[in-house]
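Observations on the three-dimensional arrangement
The lines below spell out each chain.
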Amino acid sequence: MRDPNPLWHRYLRFWRSDPRADLDDELAFHVQARIDEYIATGMNPEQARAEAEHRLGDLARVRVECSKIDQDFARRRSMSDIMRGVITDLRVALRQLRRERAITAAAGLCLVLGIGANTAIFSVVDAVLFRPLPFRDANRLVLVGEGLPKIGDQNFGTISTPDYLDFKTLDGPVFAASAVFKGEAAALTGGDAPERVTGLSTSASLFRVLGVRPALGRDFAPDADALGSPDVVIISDALWHRRFGGDPGIIGRAITLDGKPTTVIGVMPPSFSFPLPGLEVDPAADFFVPLRMTPAVMHERGNSYDAFYIARLAPGVPLRRARAAANEIASRMAELHPDAFPRGFPVVANAVPLRQRLVADVRRSLLILLGAVGFVLLIACINVSGLLLARAAARSREIAVRTALGASRGRLVQQFLAESAVLVTLGAAGGLLLAHWGTRALAALAPDGLLDGYRIGIDVRVLAVTLAVVLLATIAFSLAPVLQRREDALPERLREEGRGTSTGRARQRGRRVLVVSEIALALVLAAGAGLLLRSFAKAMSQDPGFDPAHLLTFQVTLPSHGYPTAPQVARAEQQLVEQLAAIPGVTRATAGFTLPMAGQWKIAATPEGVPLPKTPLLVNDLVMPGYFKAMGIPLVAGRTFDAHDVVGAPPVAIVDEEFAKRYYPGETVIGRRLKWGTAGSRNPWMTIIGVVRTVKAHSMDEQSTPETYFPVLQFANDSTVANYATRSMRYVVRTAGDPLAVAGAVRHVVHSMNPALPLTHMETAETLIAQSMASRRFDMLLLTSFAALALVLAAAGIYGLIAYSVTQRQREIGVRMAIGATSGGIVRLVLREGAWTTAVGAVLGLVGAAALTRVMQSLLFGVGAVDVVTFACATGLLVAVALLASWLPARRAARVDPVVTIRGD
């Protein structure tokens, strides 16, 4: 019988496209060949088949191995083909982009600015507002603050230090652990020069609450804050390297803080920074010492609220339960401590998440900046889209020719994707570099240590999202002409170039919509920046209430080791003021506990005879004689302090005009009295002897709070006042010339009195004013930069639109000029198009600005969210920039030679 599948037939089937069937045919071929060979030697067919299968082995295993080999080869060949295709497309894309240098440079610059600025700002915002704080389970950390409903209107956000002992009873059922801490400053001596370092005095449990451990040495022992425990300190990594050169032998060594030997037991990790900005304490403490409940500290109950109580919620305990438990403890304070609180005196408490407290003052401004940079990214994407549409329109003839020659839509898409990928890659590389520089610059320029302690760096997530948005926009507008291709439109495409057809006009309308959008967005940013500029100008034009010219200020801290009693502190301060006044070039010298623009001290005080629902919180200061003349604060009525206002003399006070206007309107203030605390407190009444001009105590843009002044010499024997305030006075010298010229002499006077005294915060009064406005200046500069960038991008969009329109209408313009149109008429024709586009964008922008600038109300000073002058100026600037961008291509259009244009067509 004839074989139904002869060898030649099976051999031909080997080349068919089904690899599995091919493999089966190949194996069957070899088996049959072996069988035929054995039959030829004399075996019967059954023996021949058995012997062949035995010799060839397990055919199923052979089939699997051959399949794997074939698949591996096919995969390698496929990948090789793909890589060759990709490399070819990339080479073509690079050549194409190099050929179109202007569009490539413009689009690349837009991408760099959009990606870089957006990534930098969002990385900062993410680190401050969203990323977990650098502590273990930071979302479980809360701050507990007390409030006195009869004093002021808000919770202090802090507690009275002794109250920690009462709140600590919540550890276990409500809090897993808790700690109390307060700001501290000390003179670090023993090196080349004394240094004033800032730190925290804290309960021994602080680092366990935060969930951190020293990188070197150990944590505080549980009883480290007990009375009589050894004096120990844990220092920061920054202080360890700055002062001790990173010597690992620092552990167990004694350093001198305020003249007292203190043993170093630990060094914190380099990444650890506490407290973070946002609390009323110097951020990034240099040292941590135990806070002990001495009799002096216990005496602060109900009088001083300057300690921070931080706690970690116990597992399963919600925030609302912690708030209720803390408030229950506070409500029993008057009952538990009747010697510190009047009967029935209410105390309340609240617990807030740590992050919420830290970012309360900066959250809105950061989100506004994030929205602004998002607008910049959107404008950049719109600009890139417009440029790519212009390029696509210019290449429509090329696409039509390639299609006519047989290029498939898939092949064109592949090529355009390669060009988009190259363009976005170049923009991403530049944007990444800009983002790196931007985040470092923001961290360095941020005011008041705003970003200290946060791990600021390029955020990979936001970079990926930004790149995805840009890539999608780039790809969408790159592929638009390819995806719109129709076979029946090829002849029209081939004839379209330069004729201004309806298809070209349709694309022109699409570009005009994009340009209108970016003009509107740019106007919103310009209006916002204008509002901040006007706010800053109005704030800086305010009268600070004192004369800042020729004033040099600095701080000197008198340690308890060298000046153990309050009278010694007072004598040393008087001596220092006298020696400062004797420096050549110094006309006056004085001192105060606080200075304008250098922080403020608020205290509850009761004006006599004024019915008030609550005891007000007033700005308070202790000053030396001659303070008002040295500071240039005018006396409005009465007299200032003199040498007779000392211990034993009748207690006196001076108030400002705001105090007189608020509590004694239309009345004589001189001779009235006031006292610290509530009307029922045991503090003495003080007679008002003078009224001075209201001074900006905190910043130029603040709403004035009534301020009171008291003579520091009347408290010369008060150890509580000395330890809390007068040991760290701020000194002022008024000079005849440049105040910085006497800085060396000032240092010599201080160190000649005591070489161990650290002198810090030496700066002019103008510097203090500038620092008080640093946050507003920072917001203003960033938003103004974004607005300027948006204006530049919008101008580029207008220019591109009009220039492309001129190119499309070149034949029309030539015809117009051939039949008598003048150059001026052509310029007006082109400018009309730009003006119309600008007007539509401006109207939409004004509507958007009126709606969106309302969220900036809290950042403004002296202007409304919808300020007519600001909006008019922003609109005028935008229109001027847009018309200039339109005029350049209009001038070029007016120079068209009609003969050359018509002949070329």
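Residue positions within a chain follow its written sequence, with the count starting from 1. Thresholds applied to this predicted model are a pLDDT of at least 70 for local features of residues and 80 or more for the giving and counting of side-chain atom pairs; totals over whole chains, interfaces and linings are not thresholded and use all residues. Working from all heavy atoms in the structure, the side-chain values ignore hydrogens and water.

Focus: the overall build of the protein chain
- Segments assigned H or I by DSSP are reported as helices when at least four residues long, segments assigned E as strands when at least two residues long, and all are numbered from the N terminus. In terms of helices and strands, the protein chain carries 29 helices and 21 strands.
- Exposure classes here rest on a 1.4 Å probe applied to the protein chains alone. A residue is buried below 20% of its type maximum, exposed above 50%, and partly exposed in between. In the protein chain, buried positions account for 50% of the 905 residues.
- For the protein chain, contacts bridging at least 24 residues in sequence account for 80% of all contacts bridging at least 6.
- Just so you have it, the protein chain exposes about 41,700 Å², and 59% of that area is on carbon and sulfur atoms. Only heavy atoms matter for contacts: two residues are in contact if any of them lie within 4.5 Å across the pair. The Shrake-Rupley method, run with a 1.4 Å probe, gives the accessible areas here. Residue values count only the displayed protein chains as cover.

Let's talk about the side chain of Thr262
- Mapped onto the elements, Thr262 comes out in strand β7 (residues 260–267).
- Think of a polar contact as two N or O atoms within 3.5 Å of one another; within protein, one of them needs to be a possible hydrogen donor and the other a possible acceptor, and neighboring residues in sequence only count if both atoms come from side chains. A polar contact is formed between the side chain of Thr262 and the backbone oxygen of Lys260, at a distance of 3.1 Å.
- For Thr262, the residues in contact, after removing those within four places along its chain, are Asp231, Val232, Val233, Arg253, Ala254, Ile255 and Leu257.

Observations regarding the nonpolar core
- Definition used in this section: a nonpolar core is a set of buried Ala, Val, Leu, Ile, Met, Phe, Trp, Tyr and Cys residues joined via side-chain atoms within 4.5 Å. In this structure, Phe135, Phe288, Ile310 and Tyr709 are the most contacted members of the largest nonpolar core, which totals 140 residues.
- Among residues more than four places away in sequence, those in contact with Tyr709 are Asp621, Val623, Tyr627, Phe628, Ile633, Phe641, Ala653, Ile654, Val692 and Val695.

Here's the deal with a positive patch on the surface
- Among the surface-exposed residues, Arg91, Arg95, Arg98, Arg99 and Arg101 lie close enough to one another that they form a single positively charged patch.
- Examining the composition of the positive patch, we find that four residues originate from one element, helix α4 (residues 59–99), more than from any other.
- Relative to the assigned elements, Arg99 resides in helix α4.
- Assessed through its relative accessible area of 56%, Arg99 is described here as exposed. Only residues above 30% relative accessible area that lack a salt bridge enter a patch, with like-charged residues linked at up to 9 Å and the nonpolar side chains Val, Leu, Ile, Met, Phe, Trp and Tyr linked at up to 5 Å. In what follows, salt bridge is the name for a side-chain nitrogen of Lys or Arg lying within 4 Å of a carboxyl oxygen of Asp or Glu. In summary, the charge assignment counts Lys and Arg as positive and Asp and Glu as negative, without counting His or the chain termini. Charged side chains are reduced to one point each, which is NZ for Lys, CZ for Arg, CG for Asp and CD for Glu.

Observations concerning the packing of helix α27 (residues 823–852) against helix α28 (residues 868–894)
- Lines fitted to C-alpha atoms define the axes, with helix axes restricted to the stretch in contact, and inter-axis angles between N-to-C directions lie between 0 and 180 degrees. Relative to each other, α27 and α28 sit at 155°, their axes nearing to 8 Å. Comparing the axis directions of α27 and α28 gives the class roughly antiparallel. In the crossing of α27 with α28, the sense of the turn from one axis to the other is right-handed. Together, Ser823, Ile826, Val827, Val830, Leu831, Gly834, Ala835, Thr838, Ala842, Leu846, Ala849 and Ala850 of α27 and Phe871, Thr875, Val879, Ala882, Leu883, Ser886, Trp887, Ala890, Ala893 and Ala894 of α28 make up the contact between the two elements.
- The residue classification treats Ala, Val, Leu, Ile, Met, Phe, Trp, Tyr, Cys and Pro as nonpolar and Asp, Glu, Lys and Arg as charged. All others, Gly included, are polar. Of the residues that constitute the contact of α27 with α28, the class distribution is 17 nonpolar, five polar and no charged. What sets the label is the angle itself: under 35 degrees gives roughly parallel, over 145 gives roughly antiparallel, 65 to 115 gives roughly perpendicular, and the rest give oblique. The crossing is said to be left-handed when, going from far helix to near helix, the turn is anticlockwise and less than a right angle, and right-handed when the turn is clockwise.

Regarding the pairing of strand β20 (residues 728–735)
- Among the eight residues that make up β20, eight are buried, leaving the element largely enclosed by the rest of the structure.
- Going residue by residue along β20, you find Ser728, Arg730, Val732 and Arg734 tucked away on one face and Met729, Tyr731, Val733 and Thr735 tucked away on the opposite face as well.
- Pairing between two strands requires that DSSP report at least two bridges joining them. Both strand β11 (residues 551–557) and β20 contribute to a ladder of seven bridges, which runs antiparallel. The residue bridging Gln555 from the neighbouring strand is Arg730, located in β20.
- Pairing geometry for strand β12 (residues 586–592) and β20, over six bridges, is antiparallel. Across the sheet, Gly592 pairs through a bridge with Arg730, a residue of β20.

Quick look at the side chain of Thr875
- By the secondary structure assignment, Thr875 is in helix α28.
- A relative accessible area of 16% places Thr875 in the buried class.
- In this structure, Thr875 is in contact with Leu523, Ala842 and Leu846, ignoring residues within four places of it in sequence.

Re the packing of helix α19 (residues 566–581) against helix α23 (residues 743–753)
- Contact geometry for α19 and α23: axes closest at 10 Å, N-to-C directions at 145°. Helix-helix and strand crossings are classified by hand; for α19 and α23 the assignment is right-handed. Of α23, the residues touching α19 (which contributes Ala572, Gln575, Leu576, Gln579 and Leu580) are Val746, Val749, Val750, Ser752 and Met753.
- Of the residues belonging to the contact of α19 with α23, the class tally is seven nonpolar, three polar and no charged.

With respect to the pairing of β7
- With two bridges connecting them, strand β4 (residues 216–217) and β7 associate as antiparallel partners. Across the sheet, Leu216 pairs through a bridge with Val267, a residue of β7.
- Where strand β5 (residues 232–235) meets β7, four bridges bridge the pair, whose relative direction is parallel. Residue pairing in the sheet places Ile234 in a bridge with Gly266 of β7.
- One ladder, built from four bridges, connects strand β6 (residues 254–257) with β7; its direction is antiparallel. Considered in β7, the bridge of Thr256 is made with Pro261.

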